[in-house]
Amino acid sequence: MAELTFDCIDVRPVKYAAAPTLAFKLRISELTGQPVHAMVLRVQIRIEPQRRRYADGESELLTHLFGDRSRWGETLKPFQFATISVTVPAFTGATEVDAEVPCTYDLEVAAGKYFHALSDGVVPMVLLFSGTVFGKGEPGFWVEQVPWHTQAECRMPVAVWDELVSRYFPNVAWVKLPRDTVDALLKYKAQHAIPTWEAAIEHLLAGEP
């Protein structure tokens, strides 16, 4: 049987993607020396928020995700970020491959809320692997499954996420609103001759009529 280990050695924004995308660079090692003909991987990425500390400003923004800080011992649990598939070409010994993850800045999504709240430090993640390994040796071709316990840790700098978001959404964020609320804002803008959505919300936050 093949003996596989996985490491996440880097994570970075993909520069020229059509949509916001993070590339997790994986190093895959086969420790017995058997040639691997190909591998089809399924990668599940989880965020582990309980593995870092939070500044007061971050805690305030995370209240709507995890509740009051006094309850974080119960509510600060791992949650899903993404699940992707990766095809690994033939290798012997070790190889490196990028696992590309399409991202959203939707603040209705748990990961979007979490990333938006962080001002510094790292995002603790774990990558869980499954899939199929195809090999070729003296007896011929062989096929086996990637063990379910196989995983790798990743500590993505918050600056990487900020760089990704600033490329596609410079100095803005997205908020989903019901149609009735949007209609009411449109009427408010028209009634008060307010030129932009931003100005309308600023008027409302300031307590304007």
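If you're wondering where the values come from, they're calculated on a predicted model, not measured in any experiment.

Caption draft 1: Broad picture of the overall build of the protein. Secondary structure summary: the protein contains six helices and eight strands in total. Tracing the protein from N to C terminus, the helices and strands come up as β-β-β-α-α-β-β-α-β-β-β-α-α-α. On C-alpha atoms alone, the protein measures out to a radius of gyration of 22 Å, which is more than a quarter above the 17 Å that the 2.2 N^0.38 rule sets for 209 residues. Its C-alpha atoms give the protein principal-axis dimensions of about 80 × 40 × 25 Å. For the protein, buried positions account for 41% of its 209 residues. Of the contacts made within the protein by residues no fewer than 6 positions apart, 70% connect residues no fewer than 24 positions apart. Counting every atom, the protein has about 12200 Å² of accessible surface; 54% of that belongs to carbon and sulfur. One finds the centroid of the 20 positive side-chain charges in the protein at a distance of 2 Å from the centroid of its 26 negative side-chain charges.

Caption draft 2: Main features of the packing of helix α1 (residues 56-66) against helix α3 (residues 110-117). Orientation of α1 relative to α3, taken along the N-to-C sense of each, is 170°, at an axis distance of 9 Å. The angle between the axes of α1 and α3 places the two elements in the roughly antiparallel class. For the pair formed by α1 and α3, the contact residues are E58, L61, L62, H64, L65 and F66 on the first element and A110, K113, Y114, H116 and A117 on the second. The residue inventory of the contact of α1 with α3, partitioned by class, reads seven nonpolar, two polar and two charged.

Caption draft 3: Inspection of the layout of surface pockets at higher detail. In this structure, the largest pocket spans a volume of roughly 570 Å³. Taken together, 15 residues line the largest pocket, and the ones lying closest to its centre are A173, W174, V175, W197 and I201. Counting only elements with at least two residues in the lining of the largest pocket, the list comes to α5 (179-191) and α6 (197-205). Partitioned by chemical class, the residues of the lining of the largest pocket number eleven nonpolar, two polar and two charged.

Caption draft 4: Seen up close, the packing of aromatic side chains. Tallying each qualifying case throughout the model produces ten aromatic pairs. Relative to Y114, the ring of Y54 has its centre 6.3 Å away and its plane inclined at 80°; by these criteria the two rings are edge-to-face. Within this pair, whereas Y54 is found in the loop between β3 (36-47) and α1, its partner Y114 is found in helix α3, the two being separated by 60 residues in sequence. Ring plane angle 80° and centroid distance 6.3 Å describe the contact between F66 and Y114, whose orientation is recorded as edge-to-face. Of this pair, F66 sits in helix α1 while Y114 is found in helix α3, placing the two residues 48 residues apart along the sequence.

Caption draft 5: How the structure looks around the pattern of salt bridges. Scanning the model with the defined rule gives eight salt bridges in all. We note a salt bridge from R51 to E48, for which the minimum N-O separation is 2.6 Å. With a shortest N-O distance of 4.0 Å, D56 and R69 are connected by a salt bridge. With D56 in helix α1 and R69 in the loop between α1 and α2 (72-75), this pair connects stretches of sequence that are 13 residues apart. Residue classification places D56 among the exposed residues on the basis of a relative accessible area of 64%.

Caption draft 6: Summary view of the packing of α5 against α6. At their nearest, the axes of α5 and α6 sit 10 Å apart, and the two run at 90° to each other. In terms of axis orientation, α5 runs roughly perpendicular to α6. Taken together, the residues of α6 that come into contact with α5 (itself represented by V182, L185, L186, Y188 and K189) are W197, A200, H203 and L204.

Caption draft 7: Region of interest: the nonpolar core. Within the largest apolar cluster, 54 residues are counted, with the highest numbers of intra-cluster contacts made by F24 and F81. In contact with F24, other than residues within four places in its own chain, are C8, D10, V11, I45, F81, V97, D98, A99, V101, M125, L127 and C154.

Calculation notes
Residues numbered from 1 in each chain as written. Predicted model: local features only at pLDDT ≥ 70, side-chain atom pairs only at ≥ 80, totals over all residues. Heavy atoms only, no water. Helix = DSSP H or I, 4+ residues; strand = E, 2+ residues; numbered from the N terminus. Rg over C-alpha atoms; globule rule 2.2 N^0.38 Å. Buried < 20%, exposed > 50% of the residue type's maximum accessible area, 1.4 Å probe, protein only. Contact = heavy atoms within 4.5 Å. Areas by Shrake-Rupley, 256 points an atom, 1.4 Å probe, with all protein chains shown as cover. Lys, Arg positive; Asp, Glu negative; His and termini not counted. Charge placed at Lys NZ, Arg CZ, Asp CG, Glu CD. Axes fitted to C-alpha atoms, helices over the stretch in contact; angles between N-to-C directions. Parallel < 35°, antiparallel > 145°, perpendicular 65-115°, else oblique. Nonpolar A, V, L, I, M, F, W, Y, C, P; charged D, E, K, R; others polar. 1 Å grid on protein atoms, 1.4 Å probe; cavity = no way out; pocket = protein on both sides within 12 Å on 5 of 7 lines; lining within 4 Å. Points joined across faces, edges and corners; volume = space filled by probe spheres on them. Phe/Tyr/Trp six-rings, centres within 6.5 Å; stacked < 30°, edge-to-face > 60°. Salt bridge = Lys/Arg side-chain N within 4 Å of Asp/Glu carboxyl O. Core = buried A, V, L, I, M, F, W, Y, C linked by side-chain atoms within 4.5 Å.

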